[in-house]
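# A structural walkthrough
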Amino acid sequence: MCTRAYTELAHLTAARDGMPHLRQVFTPHPVGGKTSEELAAYLVNPDPVSGKQIMKEIIDDLIVPLTDDEKKTGMQAIAAGPATFGPDTLDNLQEAFMTNGMTDYLPIVIPTEEKVEAMLKGTSHSPDEVLRKPIQGVGYLAAQWGYTVRQVAVNAVMAGCKPEYFPVVLAMAAVGSLGLFGSTTSSGSAIVINGPIRDKLDMNYGLGALSPFAQANTTIGRSWTLMGKNLTNGGIPGDTYQGGQGNQLDYNNCIIAEDEKNSPWPPLHVQFGFKREDNVVSIFGGPDIRQGHGARGAGAEMAMFDQQISFMCQSMVGGDGALGILDPLVANRLVEQGYDTKEKLSDWVYKNTQRTVKDFKESFLAYFHLYPLALQGREPYATWYKLPDDAMIPFFLSAKQINFVVCGGQANAFFQIANMNHSRSESIDKWT
Amino acid sequence: MKVNRRKLLSLLGMSPALLAGTPAAADHKKKVAPAASESKYTAVSPKGTPPAVQLYSMAPRLDTLNGKTLYLVDATGFFGSDKLLQNMQVWFQQNMPGVKTVFRRKAGIYGADDPKLWQEIKANGNAAIMAIGH
């Protein structure tokens, strides 16, 4: 049983899991927030999808013998649609790609065979090399489609990437779970790029680093969404995408080329165990990015950026981490405050960002995701649920959940902070 | 990021053609290709490769619910599915008292497997209904 809002998702998920004829009953939406009396009424009223009275439908579903279709076993092939589109005019191809849900609704570069071949020259890898094997979907949202280097190249062309950007796009694709994460939470992505390739691709990490002022930043970011849509069958509203409000980050996925020269600290990829000369892409995911608007203690001799960062973290979703995006001016002032390493700053934010057990218990995340883990004895949640409501607990699980990168044009000592977790880092050099 | 003088002039609304003189304007005229949009192209599909799907036969149905044990499983812990199923228990008690119902909440977060519960249902139950709230 599920609610009417998820009719399509329920049918498609069951079909992808090998049960296209799974008997399903739907109630009105939502069931959350309804009284016992209202829910009792649901049960004796019609299923909004089938029109049958719900309890009668349930009983029938349990006792009416199976049809031949319901008994079927064996393998069923799934089609991904035509291998090519056209021949047709560029305008008509734009329209075809858009109406088939293969774009982000901005004009694309039409991926002709010639353009795809040119893109493939950006890597030494075979076009037929498999980055992810297709696996029968089991459960939640994204279908387990597979893809090759050539299929990634098609999406890179569409996004407007140059062939020299292709190793970065391949490294992102190698991560496996691509853009347009389908959860109802509308989570988005941020992608950090480190290493000398930033200059080779003329990426912008100075003035307006997060805005559309460089082709590499813009198109590499766009490719993440197109790949999520096309390579893994993601981003289909009502099916593989359920984000209630969506996320504007999905247009470009906040590409952050770190300003390694003007940062007083080692770059992010070095923190993750890579060498400084390595080229690396790091993927982050979570709800949002917010403006820090300077430091606490405006007008004071020492601006307290650490306190402002901690203050902003208080309203985050605690299960997701934090990614501070600091202008070099902010990073250097933090060094003046005594944070001579990023780790010292992460540690201070972790220790000084706390909340009461009551606040934690009343959060959406705790109620739905963490309480079930506490019931299974998973720490620290099991312990937290035994503490009194006014006990103070850390907001984040560890200091490692709090990361910092440096970029910006040093126009003002501002920073932004993403409520995002680091999911994975991947070598770009592997894909040249 | 490099910014050159020609680009800066463009940003100020001054065409780089001003620097180059009239030949640039002439060149611009030459580049207007008539009916270019009528040329036809073939585009490659950007789609990945879906998996083949193993089909499963549904479990055989019961001949009657009378005297049988029916598990009602809150599958996700999302809002309301527990209350809905508990109301279903009441409905069975009132309307089909010969049916024994057992309410369970699946362990772990919504995507997590719960093999212990499946084992329990297999051992003690005759049928199960899973509900997902929201």
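Rules behind the numbers
Residues numbered from 1 in each chain as written. Chains lettered and ligands numbered in written order. Predicted model: local features only at pLDDT ≥ 70, side-chain atom pairs only at ≥ 80, totals over all residues. Helix = DSSP H or I, 4+ residues; strand = E, 2+ residues; numbered from the N terminus. Buried ≥ 20, exposed ≤ 12 C-beta atoms within 10 Å, placed from the backbone. Contact = placed C-beta atoms within 7 Å. Pairing = 2+ DSSP bridges. Axes fitted to C-alpha atoms, helices over the stretch in contact; angles between N-to-C directions. Domains from an automatic or database assignment. Nonpolar A, V, L, I, M, F, W, Y, C, P; charged D, E, K, R; others polar. Expected span 1.5 Å × (residues − 1). Parallel < 35°, antiparallel > 145°, perpendicular 65-115°, else oblique. Core = buried A, V, L, I, M, F, W, Y, C linked by C-beta atoms within 7 Å. Left-handed = near helix turned anticlockwise from the far one by under 90°. pLDDT = per-residue confidence, 0-100.

### Comments concerning the overall build of chain A
When helices and strands are tallied, chain A shows 17 helices and 16 strands. Taking the principal axes of the C-alpha coordinates as reference, chain A spans close to 75 × 65 × 35 Å. Considering chain A as a whole, with its 432 residues, one finds that 44% of them fall into the buried category. Counting only contacts in chain A whose residues sit at least 6 apart along the sequence, the fraction spanning at least 24 positions is 77%.

### Some words on the overall build of chain B
Broken down by element type, chain B carries five helices and five strands. Shown N-terminal to C-terminal, the secondary structure of chain B runs as helices and strands in the order α-α-α-β-β-β-α-β-α-β. Within chain B, residue pairs in contact and separated by at least 24 positions form 67% of the contacts whose partners lie at least 6 positions apart.

### Concerning the sheet that holds strand 14 (residues 402–406) of chain A
Residues and elements named next belong to chain A. Taken in spatial order, the four strands line up as 10-15-11-14 in an open sheet, and their pairing is mixed. Looking at strand neighbours, the two that pair on one side only are strand 10 (289–291) and strand 14, the edges of this open sheet. When strand polarity is set aside, the average angle formed by the axes of neighbouring strands in this sheet is 20°. Where strand 11 (residues 322–326) and strand 15 (residues 415–418) come together, four bridges link them in antiparallel fashion. Looking across to strand 15, one finds that Leu326 is bridged to Phe415.

### A word on the pairing of strand 7 (residues 188–194) of chain A
Residues and elements named next belong to chain A. A large share of strand 7 lies buried, amounting to seven of its seven residues. Summarising the sheet, strand 7 and strand 9 (residues 280–286) pair through seven bridges and their orientation is antiparallel. Each residue of the ladder has a partner; that of Gly188, found in strand 9, is Gly286. With three bridges connecting them, strand 7 and strand 8 (residues 255–257) associate as parallel partners. When the sheet's bridge partners are listed, Ile191 is paired in strand 8 with Ile255.

### Some thoughts on the sheet that holds strand 9 of chain A
Residues and elements named next belong to chain A. Here four strands make up an open sheet; going across it, the order is 8-7-9-16 and the pairing mixed. The open sheet has two edge strands, strand 8 and strand 16 (421–427), and neither has a second partner. Adjacent strand axes in the sheet meet at a mean angle of 20° when their direction is disregarded. The sheet contacts of helix 10 (residues 215–230) involve strand 7 and strand 8, and relative to strand 8 the element is tilted by about 135°.

### A few points about the domain arrangement of chain A
When the parts of a complex come together, some accessible area is lost, and that lost area is often taken as the interface size. Each assigned domain of chain A is listed with its residue range as follows: domain 1 (2–71), domain 2 (90–353 + 397–431) and domain 3 (356–394). Placing the centre of domain 1 of chain A and that of domain 3 of chain A at their C-alpha centroids yields a distance of 33 Å.

### Some words on the interface of chain A and chain B
With 85 residues of chain A in contact, the opposing surface of chain B contributes 49 residues. Residues belonging to the side of chain A that touches chain B are distributed by class as follows: 48 nonpolar, 28 polar and nine charged. Pairing of strand 3 (residues 74–76) of chain A with strand 2 (residues 53–55) of chain B involves three bridges; the strand directions are antiparallel. Across the sheet, the residue bridging to Met75 of chain A is Gln54 of chain B, located in strand 2 of chain B.

### Regarding helix 16 (residues 364–375) of chain A
Residue and element names in this part refer to chain A. Taking 1.5 Å per residue as the helical rise, helix 16 with its 12 residues ought to reach 16 Å, and the 16 Å between its terminal C-alpha atoms agrees with that figure. Of the residues making up helix 16, those classed as buried are Ala366, Leu370 and Pro372. Those residues of helix 16 that are buried lie in contact with helix 15 (357–361) and helix 17 (381–384).

### As for helix 10 of chain A
For helix 10 of chain A, built from 16 residues, the straight-helix expectation of 22 Å at 1.5 Å per residue is met to within 8% by its first-to-last C-alpha distance of 22 Å. Burial within helix 10 of chain A is extensive, with 14 of its 16 residues counted as buried.

### What about the packing of helix 6 (residues 113–120) of chain A against helix 7 (residues 149–159) of chain A?
Residues and elements named next belong to chain A. Between helix 6 and helix 7, the shortest axis-to-axis distance is 9 Å and the interhelical angle comes to 110°. Put simply, helix 6 runs roughly perpendicular to helix 7. Contacts between helix 6 and helix 7 involve Lys115, Val116, Met119 and Leu120 from the first element and Arg150, Ala153, Val154, Ala156 and Val157 from the second. Among the residues making up the contact of helix 6 with helix 7, the classes are represented as seven nonpolar, no polar and two charged.

### A look at the nonpolar core
Counting residues in each nonpolar core, the largest one holds 93 residues, and the members touching the most others are Val169, Ile191 and Ile256 of chain A. The element best represented in this core is helix 7 of chain A, accounting for eight residues. The contact partners of Ile191 of chain A, leaving out residues within four places of it in the chain, are Met172, Gly221, Trp224, Asn253, Cys254, Ile255, Ile256, Val281 and Ile283 of chain A. Counting 22 residues, the second-largest nonpolar core is a separate cluster that includes Met1, Phe26 and Val31 of chain A together with Val73 of chain B.

### Some remarks on the environment of Thr7 of chain A
All names here are of chain A. Among the secondary structure elements, Thr7 is positioned in helix 1 (residues 7–16). A residue is classified by how many C-beta atoms lie within 10 Å of it, and Thr7, with 16 of them, is partly exposed. For the pair Thr7 and Glu277, spaced 270 residues apart in the sequence, the C-alpha separation amounts to 50 Å. Not counting residues within four places of it along the chain, the set of residues in contact with Thr7 comprises Phe26 and Val49.

### Some thoughts on the packing of helix 8 (residues 166–174) of chain A against helix 10 of chain A
Helix-helix packing is described using two parameters, namely the angle between the two axes and the distance between the axes. Residue and element names in this part refer to chain A. Look at helix 8 against helix 10: their axes get within 10 Å of each other, and the N-to-C directions meet at 40°. Judged by the inter-axis angle, helix 8 sits oblique to helix 10. Viewed along their axes, helix 8 and helix 10 form a crossing whose handedness is right-handed. Where helix 8 approaches helix 10, its residues Val168, Val169, Met172 and Ala173 are matched on the opposing element by Ile220, Ser223, Trp224 and Met227.

### Quick word on the confidence of the model for chain B
All names here are of chain B. On average, residues of chain B score 79 in pLDDT, and 72% of them reach the 70 mark or higher. The element-level mean pLDDT for chain B is lowest in helix 2 (residues 17–20), coming to 40, with strand 1 (residues 41–44) highest at 98. Below pLDDT 50 for its whole length, residues 8–29 participates in eight contacts with residues either more than four positions away or in separate chains. Interface predicted TM-score (ipTM) for the complex: 0.87; the corresponding pTM is 0.84.

### Observations regarding unusual backbone geometry
With glycine set apart, most residues show a phi of negative sign, and most peptide bonds adopt trans. Residues and elements named next belong to chain A. Cis geometry marks the peptide bond from His29 to Pro30, where omega comes out at -5°. You can see Pro30 is positioned in the loop between strand 2 (26–27) and helix 2 (36–44). Note the cis peptide between Gly86 and Pro87, where omega equals 10°. In this structure, Pro87 sits in strand 4 (residues 84–88). The phi dihedral of Tyr105 is positive, around 70°, even though this residue is not glycine. Its location among the elements puts Tyr105 in the loop between helix 5 (90–99) and helix 6.

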